[in-house]
Amino acid sequence: MKKGITIISAIVLIVIIGYAYANKTATAPTNESSSIQNSTNADALPTEPTATTSTSDTSGTVIVSYDGTAFSPASITVKAGTAVTFMNQSSSPMHVASNPHPTHTDLPGFDELTEVGNAGSYTYTFTKVGTWGYHNHTNPSQKGTVVVQ
Ligand SMILES: [Cu+2]
């Protein structure tokens with residue numbers, strides 16, 4: 001009984017290996033070309049939507065999320081007049097403010113002025129062209145950048 005099972009499983013194994021081998025050699029060239037195509041597609045994709053796909057909703061507001069340790073995306077590029085909403089998706093306090101800490105003078109007005117907890121948010125409309133660094137005033141080592149064009 002045991003011997004029979006072993007022989008059968010050995011035969012099955014040989015068949016599977018043989019099949020896989022035949023398939024491998026037969027499909028290898030097409031696989032290669034399709035993976036090359038895929039990688040070129042993948043290379044072309046991320047350049048454009050990084051700041052827009054995950055971050056803009058129907059109203060054109062760009063979302064930056066805060067997870068308690070960092071802002072994501074850490075750097076965004078928006079057109080002048082774009083509203084950016086910083087969403088606190090953590091249980092840590094978030095107080096978004098323009099650099100430098102603690103005076104927040106690079107972009108006056110870009111300052112949440114208070115900290116918010118989980119699910120709290122701060123929206124600021126960027127009208128001034130420039131590169132604006134900001135930080136979490138409660139934890140100033142947590143930083144991000146908004147490039148306004
Ligand atoms: Cu600060």
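Source: prediction; values computed, not measured. (Residues numbered from 1 in each chain as written. Predicted model: local features only at pLDDT ≥ 70, side-chain atom pairs only at ≥ 80, totals over all residues.)

The next thing to look at is the nonpolar core. If you look at the biggest cluster of nonpolar residues, it comprises 19 residues, and the most contacted ones within it are Val-64, Val-78, Val-84, Phe-86, Val-96 and Val-146. When residues of this core are traced back to their parent elements, those giving at least two are β1 (62–66), β3 (75–78), β4 (82–88), β5 (96–98) and β6 (121–126). Setting aside anything within four residues of it in sequence, one finds Val-78 in contact with Val-62, Val-84, Phe-126, Val-146 and Val-148. (Core = buried A, V, L, I, M, F, W, Y, C linked by C-beta atoms within 7 Å. Buried ≥ 20, exposed ≤ 12 C-beta atoms within 10 Å, placed from the backbone. Helix = DSSP H or I, 4+ residues; strand = E, 2+ residues; numbered from the N terminus. Contact = placed C-beta atoms within 7 Å.)

Moving on, we get to the sheet that holds β5. The four strands lie next to each other as β3-β8-β7-β5, forming an open sheet whose pairing is mixed. Strand pairing shows two members of the sheet lacking a second neighbour, β3 and β5, which therefore form its edges. Adjacent strand axes in the sheet meet at a mean angle of 30 degrees when their direction is disregarded. In the sheet, β5 pairs with strand β7 (residues 130–136) via three bridges, with the strands oriented antiparallel. Within β7, the residue paired with Ala-97 across the bridge is His-135. (Pairing = 2+ DSSP bridges. Axes fitted to C-alpha atoms, helices over the stretch in contact; angles between N-to-C directions.)

To continue, consider the environment of Glu-112. Looking at where Glu-112 falls in the secondary structure, it is placed in the loop between β5 and β6. Non-local contacts of Glu-112, meaning those with residues more than four positions away in its chain, are made with His-95, Val-96, Ala-97 and Tyr-122.

Turning our eyes to something else, we now look at the environment of Val-129. By the secondary structure assignment, Val-129 is in the loop between β6 and β7. Sequence spacing of Val-129 and Gln-149 is 20 residues, and the spatial spacing of their C-alpha atoms is 5.2 Å. Apart from the residues within four sequence positions on either side, Val-129 is in contact with Ala-80, Val-148 and Gln-149.

Every regular strand shows the same layout, with side chains that alternate between the two sheet faces. Across seven bridges, β7 lies against strand β8 (residues 139–148) in antiparallel orientation. Residue pairing in the sheet places Gly-133 in a bridge with Thr-145 of β8. If you look at the hairpin formed by β7 and β8, you'll find two residues sitting between the two strands.

Next up on the list: the sheet that holds β1. The strand order across the open sheet formed by four strands is β2-β1-β4-β6, and the pairing between neighbours is mixed. The sheet terminates laterally at β2 (71–72) and β6, the two strands that pair on one side only. Two strands pair when backbone bridges link them, and β1 and β2 are joined in this way by two bridges, in the antiparallel orientation. Paired with Tyr-66 across the bridge in β2 is Phe-71.

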